[in-house]
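For reference, the chains in residue letters:
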Amino acid sequence: MNYRHIYHAGNFADVLKHAVLARLIRYAQKKDKAFRVLDTHAGIGLYDLSSEEAQKTGEWRDGIGRLMEADLPADVSELLEPYLAVVRELNRDGALKLYPGSPKLARMLFRPQDRLSAMELHPEDCNRLHNLFQGDFQVRVTELDGWLALGAHLPPKEKRGIILVDPPFEEEGEYKRLVKGLAGAYRRFPGGTYCLWYPVKKGAPVKAFHEELQGLEIPKMLCAELIVKSDRETTGLTGSGLIVVNPPFTLKDELHALLPVLKTVLAQDRFASQRAFWLQGE
């Protein structure tokens, strides 16, 4: 309950997560039928990068700040366009001041038939999220522990869905909780596309986490990781990863194009790296 994403909004981890989320939404929109995005840890939805909190860490400068100024290859620019177009729309005067959280990003990419369920446990943050989407019939904001949403809100009535699980990892055992949450959610809604975020840092049990996920025997799980610096001199975040369950068939090739460019643009030292591979399946 102490976590505040404003300190980290727009950082390299957000760039990876939101670039992939935008790709998932655009793929889902290839069919006319409506779908629902379920955002289990939604935050406040929109972040002021000029705020005292964001300025204190300045993490966005090494994330979205770099990406917006980068000279991107044409194929990568096209893949990132849905995501970056939203950022530009929020900052029409050219100065980078506002950054969309995942619920705002999703909403700005929606067609009229698409829907969002946004869960936020912190009362103050949930109230701000409510205010952001006040009167928007395509969005439902609920003050709820996002882990409970994986049971209470699946399957969606649209029968098509993207489920983003992005916990703050404040507590011990969050990797195991992520595995357990996915297992229960998948039983209820095996046809959904799940996008699970996790941190990479010194001592993080990433290998064990991957092995536990493989033990679920879910047919298709794609993993993407972006490491921006060595963990030799820090115990903080050095990289981030995504697990995508039931990914679009195009996503792996897209990641092979995106990740090397993101690594080059966002690298904080010479130890930066990236990888995309099948954790289960193809």
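Here we summarise the structure given alongside this text. (Residues numbered from 1 in each chain as written. Predicted model: local features only at pLDDT ≥ 70, side-chain atom pairs only at ≥ 80, totals over all residues. Heavy atoms only, no water.)

**Quick word on the environment of A106**
Summarising the element assignment, A106 is placed in helix α5 (residues 102–109). Remark: the alpha-carbon pair of A106 and D253, spanning 147 residues in sequence, is separated by 22 Å. Leave out the neighbours within four places in its chain, and A106 touches I25 and V37. (Helix = DSSP H or I, 4+ residues; strand = E, 2+ residues; numbered from the N terminus. Contact = heavy atoms within 4.5 Å.)

**Here we look at the packing of helix α1 (residues 12–28) against helix α10 (residues 251–266)**
Interaxial distance between α1 and α10 falls to 12 Å at its minimum, and their mutual angle equals 155 degrees. With respect to their mutual orientation, α1 and α10 come out roughly antiparallel. The crossing of α1 and α10 is right-handed. Residues F12, V15, L16, V20, R23 and L24 of α1 form the contact with α10, whose own contacting residues are L251, E254, L255, L259, L262 and L266. Here the contact of α1 with α10 is composed, by residue class, of 10 nonpolar, no polar and two charged. (Axes fitted to C-alpha atoms, helices over the stretch in contact; angles between N-to-C directions. Parallel < 35°, antiparallel > 145°, perpendicular 65-115°, else oblique. Left-handed = near helix turned anticlockwise from the far one by under 90°. Nonpolar A, V, L, I, M, F, W, Y, C, P; charged D, E, K, R; others polar.)

**A closer look at the packing of aromatic side chains**
Under the counting rule described, the total for this entry stands at six aromatic pairs. On the basis of an interplanar angle of 75 degrees and a centroid distance of 5.9 Å, the ring pair of F169 and W197 is categorised as edge-to-face. Taken together, the positions of F169 in the loop between β6 (161–165) and α8 (174–188) and W197 in strand β7 (residues 193–201) put the pair 28 residues apart, joining distant regions of the chain. The exposure classification of F169 matches that of W197, with both residues buried. Three or more aromatic residues link up through ring pairs in this structure, and these residues are F169, Y175, W197, Y198 and F209. (Phe/Tyr/Trp six-rings, centres within 6.5 Å; stacked < 30°, edge-to-face > 60°. Buried < 20%, exposed > 50% of the residue type's maximum accessible area, 1.4 Å probe, protein only.)

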